[in-house]
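Fold and contact review
Chain by chain, the residues:
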Amino acid sequence: MWKPPQRIKFHPNPGRVPSAEEAGASRLFSTARIGALELEQRTWVPAMVPWRSNEDGVVTADVLQWYERFARGRPGAIVIEATGIRDIPSGPLLRISHDRYIAGLRELVETIRRASEGHTRVFIQIIDFLSIRRRPEAEKFFQRFLRITEHHRTRLNAADWPEQAIRDRLAALPEAELESVLDAREWEALQFGARERVTDMALPHIRALPQTLPTLFSDAARRAQGAGFDGVELHYAHAYTMASFLSAINNRADGYGGSRENRVRLPLEVYQAVRQAVGPHYVVGCRYLAEECIEGGNTVEDASWFGVEFARAGMDFISTSRGGKFDDAKQPGVGSSAYPYTGRSGYECMPQYLSDEFGPFGRNIAPTAAIRHAIRDAGLPTPVVCTGGVHNFDMAEAMLERNDCDIVGTARQSLADPDWTLKTLLGLGHEVRLCEYTNYCEGLDQKHKQVTCQLWDRQQTDEPGIRLSSDGKRRLTAPPWTPPAG
Ligand SMILES: Cc1cc2nc3c(=O)[nH]c(=O)nc-3n(C[C@H](O)[C@H](O)[C@H](O)COP(=O)(O)O)c2cc1C
Ligand code: SF4
């Protein structure tokens, strides 16, 4: 992953540990309303893909155990990881793309309810993404994948050469020359792997996204409702289709790109279709970017404007993230795909302990506060969830006290210690295992390996009944913690 050149080392801080009495009276542990629902506390585990499903995208025993472990810590809400809405092979990504997935997802909801004894609300994040290919071997690219065009013939001064001769010539060219013979997308396909964009209007299925996506999302939301989830989170963040429609670099000329009004049009149409499918009382919100953190990308002004539009349309919550784009991702190795968390925007999404003067903690707070203020200035009460580098009670409580947000999300801190909120609530905050922001977990995610935390994955690996990673070395869930009796 890209790191700020300053490389200043930061250490997480446990902050002041509140007594049980103080915690019980705090904002963090007070109730929050989300649409027709109440959260018992303002703590929230945002979506995190842990690669526990399989090639069929079903809820496996590992998926159940993963979420059961988070639920034992009884956060206010858990958002199930990004779950695919298209019924196509998607690697080991969880899917909600057909009614056959409902039974497994229902078991997941029931598992969380049981483990949290009904204290935790369960949402599911639903996602669409476009195709991205692995970086090819150069030889294969020239011999098999590249479509030879007039452009190549002109550039090579080879109007009447047979196609094979052009392929062989291209394969033999040094990189410096190749860049001027291939067009920008071909060059990218060779260097990074071909990646579709929402602006690829020459492709019929991309042109048709405004017609196909509302139904795909609304069908998925209907299934989520059928499976018993408390609500759905529309994934409008990071490197995926809906975020690309919102992006300032979306210049589609069909009324779905260009101005902010046009860029928000499909996200709003998707929301309306979902609302239509699930009715007025079911919780529907979205996660989107407070800042895209790429050149020419959306700023907090864009995001504030979108936030007001989402709230005005009737979304029940808004959750923010930042960055995580393909546009500045690092070049992958041959045979691997680009990963949207390897560039500067990736750092903004999941900042690690080597940082700049600001540090890795709370980088998303000020932009999220600006979005929330814009929503309140528009007279709308929509709750806003803020996530990014939050790891102690003090920090979370201060965010709520300042009205930066209404609910506090903790992803890696919850992964490091799924009981951190329960321990804090019980006045046992000194027992919290603090995330060190090393991004070991993110490194596993990048390789599509089962995500675990380095602070616990080698502990008690001989515990009876625990499940281990495929390499047999790491436990897949945090060791149990039992609150003291009474
Ligand atoms: C392993 C891993 C998987 C993630 N998967 C998702 C995801 O499926 N959807 C999403 O919106 N964000 C995802 N994120 C981003 C987190 O939700 C969160 O925004 C980010 O980690 C910053 O918050 P933190 O500092 O509390 O970890 C993931 C993060 C990690 C570490
Ligand atoms: S591996 Fe654990 S300690 Fe390191 S960043 Fe991830 S959750 Fe935090």
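Above this note sits the structure.
In this report, we go over the structure that sits alongside the text. All figures in this text were calculated on a predicted structure; none of them were measured in a lab. (Residues numbered from 1 in each chain as written. Chains lettered and ligands numbered in written order. Predicted model: local features only at pLDDT ≥ 70, side-chain atom pairs only at ≥ 80, totals over all residues. Heavy atoms only, no water.)

1. Description of the site of ligand 1
Around ligand 1 sit 21 residues, and of these Ala-47, Gln-125, Arg-287, Gly-389 and Arg-412 come closest. Separating a nitrogen atom of ligand 1 from a backbone N or O atom of Val-49 is a distance of 3.0 Å. Between ligand 1 and Arg-412, the relevant distance is 2.7 Å, taken from an oxygen atom to a side-chain nitrogen or oxygen of the residue. Against a free-state accessible area of 620 Å², the protein chains account for coverage of 97% of ligand 1. Residue classes in the shell around ligand 1 are distributed as 10 nonpolar, 8 polar and 3 charged. (Near = heavy atom within 4 Å. Polar contact = N/O pair within 3.5 Å; in protein donor to acceptor, adjacent residues only side chain to side chain. Areas by Shrake-Rupley, 256 points an atom, 1.4 Å probe, with all protein chains shown as cover. Nonpolar A, V, L, I, M, F, W, Y, C, P; charged D, E, K, R; others polar.)

2. Side note on the environment of Arg-412
With respect to the helices and strands, Arg-412 occurs in helix H18 (residues 412-416). Put simply, Arg-412 and Val-45 are 367 residues apart on the chain and 9.0 Å apart in space, counted from C-alpha to C-alpha. The residues touching Arg-412, leaving out its near neighbours within four places in the chain, are Met-48, Met-350, Pro-351, Cys-435, Tyr-437, Asn-439 and Cys-441. (Helix = DSSP H or I, 4+ residues; strand = E, 2+ residues; numbered from the N terminus. Contact = heavy atoms within 4.5 Å.)

3. Quick word on the sheet that holds strand E11 (residues 384-387)
Working definition: the strands of a sheet are paired by backbone hydrogen bonds and lie parallel or antiparallel to each other. Reading around the barrel, the 8 strands line up as E4-E5-E6-E7-E8-E9-E11-E12 and close back on themselves, with parallel pairing between neighbours. Shown here is a sheet whose adjacent strand axes are inclined to one another by a mean of 30°, direction ignored. Its contacts with the sheet put helix H2 (residues 61-72) on strand E4 (43-45) and strand E5 (77-84), and the angle it makes with E5 is roughly 160°. Where helix H14 (residues 300-313) meets the sheet, its contacts fall on strand E7 (231-236), strand E8 (283-291) and strand E9 (317-322), and the angle it forms with E8 comes to roughly 170°. (Pairing = 2+ DSSP bridges. Axes fitted to C-alpha atoms, helices over the stretch in contact; angles between N-to-C directions.)

4. Looking at the pattern of salt bridges
Counted according to the given criterion, the structure contains 37 salt bridges. A salt bridge links Glu-292 to Lys-325, with the shortest nitrogen-to-oxygen separation between them at 2.9 Å. A residue pair is termed long-range when its members are at least 10 positions apart, and Glu-292 in the loop between E8 and H14 and Lys-325 in the loop between E9 and helix H15 (344-349) qualify at 33 residues. Pair check on accessibility: Glu-292 and Lys-325 agree, each one buried. Across the salt bridge formed by Lys-423 and Asp-417, the nearest N and O atoms sit 2.7 Å from each other. Here Asp-417 falls in the buried class, since its relative accessible area comes to 0%. (Salt bridge = Lys/Arg side-chain N within 4 Å of Asp/Glu carboxyl O. Buried < 20%, exposed > 50% of the residue type's maximum accessible area, 1.4 Å probe, protein only.)

Read these as geometric descriptors, not functional statements.
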